[in-house]
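Reading the structure
Listed below are the residues making up each chain.
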Amino acid sequence: MKRILVTGGAGFIGSHLCERLLNEGNEVICLDNYFTGSKKNIIHLLNNPYFELVRHDITEPYYAEVDEVYNLACPASPIHYQHDPIKTINTSVVGATNMLGLAKRIDAKILQASTSEVYGDPHVHPQPETYWGNVNPIGLRSCYDEGKRCAESLFINYHKQKDVRIKIIRIFNTYGTRMNTNDGRVISNFIVQALKGKDITIYGEGNQTRSFQYVDDLVEGMIRMMNTDDTIIGPINIGNPSEFSILDLAKKIIEITKSKSKIIFEPLPEDDPMQRKPDITLAKKTLNNWEPKIGLEEGLSKVIEYFKGVI
Ligand code: NAD
Ligand code: UDP
Ligand code: UDP
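As the structure is a prediction and not an experimental result, all values here were calculated from the model.

With that settled, the discussion passes to helix α9 (residues 296–310). Given 3.6 residues per helical turn, the α-helix brings residues three or four places apart onto the same face. Across its 15 residues, α9 extends 21 Å between first and last C-alpha, which sits within 8% of the 21 Å expected from 1.5 Å per residue. Contact partners of the buried residues in α9: β7 (174–175), α5 (186–196), β10 (213–214), β12 (243–245) and α7 (246–257).

With that settled, the discussion passes to the site of ligand 3. Around ligand 3, 17 residues are found, and the nearest of them are T201, Y203, R210, D272 and R276. For ligand 3, an oxygen atom lies 2.7 Å from a polar atom in the side chain of R210. Here an oxygen atom of ligand 3 and a side-chain polar atom of D272 are 2.5 Å apart. Alone, ligand 3 offers 520 Å² of accessible surface; in the complex the protein occludes 95% of this. The set of elements that each furnish at least two residues to the shell around ligand 3 consists of α5 and β8 (200–203). Residue composition of the shell around ligand 3, by class: six nonpolar, five polar and six charged.

Time to look at the packing of aromatic side chains. Tallied over the entire structure, the rule returns five aromatic pairs. With a centroid separation of 6.1 Å and 15° between ring planes, the pair formed by Y119 and Y131 is classed as stacked. With Y119 in the loop between β5 (109–115) and α4 (142–162) and Y131 in the loop between β5 and α4, this pair connects stretches of sequence that are 12 residues apart. For Y131, a relative accessible area of 14% translates into the label buried. Aromatic rings pair up to connect Y119, Y131 and F172 into one cluster.

Another aspect to go through is the pattern of salt bridges. Charged atoms that come close allow side chains of opposite charge to pair. One pass over the structure, following the stated rule, counts 21 salt bridges. Ionic pairing is found between D272 and R141, a salt bridge with its closest N-O pair at 3.9 Å. Taken together, the positions of D272 in the loop between β13 (263–266) and α8 (281–286) and R141 in the loop between β5 and α4 put the pair 131 residues apart, joining distant regions of the chain. Accessibility assignment for this pair places D272 and R141 in one class, buried. Here R170 makes a salt bridge to E152, at a shortest N to O gap of 2.7 Å. Of this pair, R170 sits in strand β6 (residues 166–171) while E152 sits in helix α4, placing them 18 residues apart in sequence.

Within a sheet, each strand pairs with its neighbour through backbone hydrogen bonds, oriented either parallel or antiparallel. The sheet built from seven strands is open, its strands ordered β3-β2-β1-β4-β5-β6-β11 with parallel pairing. Looking at strand neighbours, the two that pair on one side only are β3 (51–55) and β11 (236–238), the edges of this open sheet. Each strand of the sheet is rotated relative to its neighbour by a mean of 20°, with strand direction disregarded. Pairing geometry for strand β2 (residues 27–32) and β3, over five bridges, is parallel. Across the sheet, residue V28 finds its bridge partner in β3, namely F51.

Burial within β5 is extensive, with seven of its seven residues counted as buried. Neither face of β5 is left uncovered, since the one carrying K109, L111, A113 and T115 and the one carrying I110, Q112 and S114 both have all their residues buried. Sheet analysis places strand β4 (residues 68–71) next to β5, joined by four bridges and oriented parallel. If you follow Y70 over to β5, its bridge partner there is L111. With six bridges connecting them, β5 and β6 associate as parallel partners. The partner of Q112 across the bridge, within β6, is I168. Handedness of the crossover is the feature at issue here: the chain leaves β5, passes through α4, returns alongside β6, and the resulting connection is right-handed.

Of all residues adjacent to ligand 1, which total 29 residues, the nearest are D32, T36, Y144, T174 and R185. Take I13: an N or O atom from its main chain is 2.8 Å from an oxygen atom of ligand 1. Between D32 and ligand 1, the recorded distance is 2.6 Å, taken from a side-chain N or O atom to an oxygen atom. At the level of secondary structure, the elements contributing two or more residues to the shell around ligand 1 comprise α1 (12–23), β5 and α4. Top contributing element to the shell around ligand 1 by residue count: β5, with three residues. Tallied by class, residues from the shell around ligand 1 come to 14 nonpolar, 11 polar and four charged.

Here we come to the nonpolar core. Of all hydrophobic cores here, the largest spans 56 residues; its most connected members are L17, Y70, Y175, M222 and L300. Sorting elements by how many residues they give to this core places helix α6 (residues 215–226) first, with seven residues. Apart from the residues within four sequence positions on either side, L300 is in contact with Y175, I187, I191, L249, K252, I253 and I256. Judged by nonpolar contacts, the second largest core, of 27 residues, contains I29, L102, I110 and Y158.

What counts and what doesn't
- Residues numbered from 1 in each chain as written.
- Chains lettered and ligands numbered in written order.
- Predicted model: local features only at pLDDT ≥ 70, side-chain atom pairs only at ≥ 80, totals over all residues.
- Heavy atoms only, no water.
- Helix = DSSP H or I, 4+ residues; strand = E, 2+ residues; numbered from the N terminus.
- Expected span 1.5 Å × (residues − 1).
- Contact = heavy atoms within 4.5 Å.
- Near = heavy atom within 4 Å.
- Polar contact = N/O pair within 3.5 Å; in protein donor to acceptor, adjacent residues only side chain to side chain.
- Areas by Shrake-Rupley, 256 points an atom, 1.4 Å probe, with all protein chains shown as cover.
- Nonpolar A, V, L, I, M, F, W, Y, C, P; charged D, E, K, R; others polar.
- Phe/Tyr/Trp six-rings, centres within 6.5 Å; stacked < 30°, edge-to-face > 60°.
- Buried < 20%, exposed > 50% of the residue type's maximum accessible area, 1.4 Å probe, protein only.
- Salt bridge = Lys/Arg side-chain N within 4 Å of Asp/Glu carboxyl O.
- Pairing = 2+ DSSP bridges.
- Axes fitted to C-alpha atoms, helices over the stretch in contact; angles between N-to-C directions.
- Right-handed = clockwise from strand over helix to strand, strands pointing away.
- Core = buried A, V, L, I, M, F, W, Y, C linked by side-chain atoms within 4.5 Å.

These figures capture arrangement, not role.
Written out as structure tokens, the structure reads:
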């Protein structure tokens, strides 16, 4: 039995990861400050004696003896990470330093949940790991993008300088059950709007693209990455390469929900990337033929059923 620390474990992705790790017979410490996460996401795990919940902020030092760390703590939705940009930077940078210090002290393996946002508004499409990105260092999204880029640099340098066993994955847009109704990201917004019969808010003209991955596919990829041998450090893209325009996504959600909602157009936020699609060649090769299994319609249907129960 391994003891595994999941920071941000009460969040959307973290809660799915904690559940899967427990189901595989591990002991899990779920650490969270509940900024965007919630006890509701992990309430069903609380009576498992191998599950431990810790209220803590990773910008403060934290001490525990574990075999592995998954570092997910960080708000991920633009409205939440822009709410307190300095805190977002500190969570990525000071938080990562603390977790790397912990991993170094006890020789634990540590995986960083990095992001496709390190590619910014990309000029190379689809994005391979070798692309360095196009990020505005002083724009609205920079607290998140540059924080995550700096965290990658910290990880690489703790590995090179201090022999810490690291893994970096770059996660592309992921959705699934347990997203907050007020999360603010596109899939939850559109589904909630469609189910409530409210206008569907497209920012810009809707011709920007994203590639959406269902959370179960991500969790599978994360665990496979953690289980690779110590020579595999990444970064490795984990995402679903099926690409959709935001307008097509809105139409699909209206169709599946049979909603009467109208589509309306609102201003495009500053620095909103025009296109995004992962090149997953490296993930397939390195992670034992890993590839996403759940297509957009199947995934959306699961989330729509989930939101029907929540709203
Ligand atoms: P989320 O907001 O649901 O989860 C983040 C969790 O971290 C929340 O539970 C929050 O309370 C917690 N947290 C935030 N700051 C913290 C701090 N200082 N100390 C302790 N806990 C803190 O978002 P998510 O979608 O589950 O994202 C999880 C991770 O995956 C994030 O690091 C995010 O950057 C990364 N990621 C997500 C996506 C995506 O599409 N969902 C894409 C790329 C990367
Ligand atoms: N740290 C932590 N938990 C630990 C070990 C370290 O939170 O189990 C923190 C520690 O407080 C420090 C940071 O991680 O601020 C970086 O640790 P490192 O050992 O690399 O740096 P140093 O203590 O040498 O400055
Ligand atoms: N978006 C939108 N309407 C919304 C929420 C988001 O049109 O109600 C757009 C947003 O401008 C972006 C895309 O959908 O172009 C994905 O946004 P999200 O916040 O989900 O993720 P990110 O931009 O970080 O990839």
